[in-house]
Amino acid sequence: MAPHSILITGANRGIGLALTKEFLKNKDIGVLIAGARDPVHADELNKITDKRLKVIELDINCDQSIDNAVKVIEAIVGDNGLNCLVNNAAVSVPCETKERTPREKIIEQFQPNVFGTLILSQALLPLLQRAASRVQGDEFSISRAAILNISSTGGSVTMNTAESPFGGSSKFKILGYKATKSALNQIGRSMAIDLLGDNILACNWCPGWVKTDMGSQAAMLEPHESAEALVNSFYKLNKSHTGNFYDRNLEAIPF
Ligand code: NDP
């Protein structure tokens, strides 16, 4: 069953925009709330005429923006609560390999990828709990209540071997980004355990290597290909999946 309400962060471009379009193909979805730092200039989102799409201002680096957004989201979803939060927004700030990584470049990546994602998820918990409490029984699904974190296989410590294409960090170039995704994976697993009693599902995802501003045009997948596979996998989730880390095709990735 489709969730009645969905929030996607960083929905104005890249994978977030593709996920928005993919979810809207499902006529059973009641409302899709698309977070953008600058909604006025979110041109691709603003071209979508579907009345179920609500574009809201949301900068996950800013607590005030999160608080304002939660009020707007509550006004939209009301007593139904929020069924599905997709934590997609993130940055990657590659560092010059010859210099010592500047502290601020590491912090710049941790701000949205870890701190903002955690704080937003916590701020939305009452609305997720409200949605979950409207369903009887022990079901876990994205139509009941779910937190879906868009992570990266680069965040897997197990896959980080000398033999693996995911090994190392190009001589520290992407080490900060990889560390943010490892931290996000920890958050996803911990939240899943903490929220078992609330029947709120939480999973981490790798979208694949995707042609976006972050992934570059050299990447393997078009955004719509990644989004289609991800959304198909999201619909299949149940209690057995909560706390785990998956690729877009629902194949498990080791932490
Ligand atoms: P893009 O760089 O294309 O888009 C990132 C999105 O995040 C933009 O909408 C951006 O908004 C938004 N964003 C960044 N910071 C904030 C913030 N503080 N508050 C709100 N929104 C913010 O990235 P992708 O679409 O490629 O990546 C989406 C997700 O997929 C990320 O989590 C990324 O780590 C992950 N991923 C991507 C891969 C790839 O190959 N592309 C591979 C593995 C994982 P704005 O336009 O305002 O900057």
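Quantities reported herein were computed from a predicted structural model and do not represent experimental measurements.

Draft legend 1. Fine view of the overall build of the protein. Regarding its fold elements, the protein presents six helices and seven strands. Relative to the globule expectation of 18 Å for 255 residues, the C-alpha radius of gyration of the protein, 17 Å, shows essentially globular dimensions. Overall, the C-alpha framework of the protein stretches about 55 × 40 × 30 Å when taken along its three principal axes. Sorting the 255 residues of the protein into buried and exposed places 44% on the buried side. In the protein, once contacts between residues fewer than 6 apart in sequence are set aside, the share between residues at least 24 apart is 69%.

Draft legend 2. Examining helix H4 (residues 103-133) more closely. Between its first and last C-alpha atoms H4 spans 43 Å; for 31 residues at 1.5 Å apiece the expected length is 45 Å, and the two agree. Within H4, the axis deviates most sharply at Gln111, by approximately 50°, and proline Pro112 lies no more than four positions further along.

Draft legend 3. Examining the environment of Ala183 more closely. Inspection of the secondary structure assignment puts Ala183 in helix H5 (residues 175-194). Linking Ala183 and Leu118, residues 65 residues apart in sequence, is a C-alpha distance of 10 Å.

Draft legend 4. The arrangement of the nonpolar core in detail. Of all hydrophobic cores here, the largest spans 60 residues; its most connected members are Leu128 and Ala146. Here the element with the most residues in this core is H4; it accounts for seven residues. Apart from the residues lying within four places of it in its own chain, the contact partners of Ala146 are Cys84, Ile200, Leu201, Ala202 and Leu237.

Draft legend 5. The arrangement of the site of the ligand in detail. Around the ligand sit 30 residues, and of these Gly10, Gly14, Ala90, Thr212 and Gly215 come closest. Elements that contribute at least two residues to the shell around the ligand include exactly helix H1 (14-24) and H4. Take the shell around the ligand: its biggest share by element is three residues, from H1. Of the residues that constitute the shell around the ligand, the class distribution is 14 nonpolar, eleven polar and five charged.

Draft legend 6. Main features of the pairing of strand E6 (residues 201-206). Counted residue by residue, E6 has six buried out of six residues, so it is predominantly covered. Burial along E6 is two-sided: Leu201, Cys203 and Trp205 facing one way and Ala202, Asn204 and Cys206 facing the other are all buried. As paired elements, strand E5 (residues 146-150) and E6 share five bridges and run parallel to each other. Looking across to E6, one finds that Ile147 is bridged to Ala202. As for the winding sense of the linkage, the β-α-β connection from E5 through H5 to E6 is right-handed.

Draft legend 7. Broad picture of helix H3 (residues 63-77). For H3, with 15 residues, the first-to-last C-alpha span of 21 Å sits near the 21 Å given by 1.5 Å per residue. Along H3, the residues that are buried comprise Ala69, Ile73 and Val77. Burial along H3 is one-sided: seen end-on, the buried residues are contained in an arc of 60°. For H3, the exposed residues set more than 90 degrees away from the buried face come down to Gln64, Asp67, Lys71 and Ala75. For H3, the secondary structure elements touched by its buried residues are strand E1 (5-8), strand E2 (31-36), strand E3 (53-57) and H4. Just past H3, the residue Gly78 takes up positive phi, approximately 55°.

Draft legend 8. How the structure looks around the environment of Glu139. Relative to the helices and strands, Glu139 is located in the loop between H4 and E5. Along the sequence, Glu139 and Asn238 sit 99 residues apart, while their C-alpha atoms lie 7.2 Å from each other. Residue contacts for Glu139: discarding those within four places in its chain leaves Arg144 and Asn199.

Parameters at a glance
Residues numbered from 1 in each chain as written. Predicted model: local features only at pLDDT ≥ 70, side-chain atom pairs only at ≥ 80, totals over all residues. Helix = DSSP H or I, 4+ residues; strand = E, 2+ residues; numbered from the N terminus. Rg over C-alpha atoms; globule rule 2.2 N^0.38 Å. Buried ≥ 20, exposed ≤ 12 C-beta atoms within 10 Å, placed from the backbone. Contact = placed C-beta atoms within 7 Å. Expected span 1.5 Å × (residues − 1). Bend = angle between axes of the 7 residues up to and from the residue. Core = buried A, V, L, I, M, F, W, Y, C linked by C-beta atoms within 7 Å. Near = placed C-beta within 6 Å. Nonpolar A, V, L, I, M, F, W, Y, C, P; charged D, E, K, R; others polar. Pairing = 2+ DSSP bridges. Right-handed = clockwise from strand over helix to strand, strands pointing away. Arc of directions from axis to C-beta.

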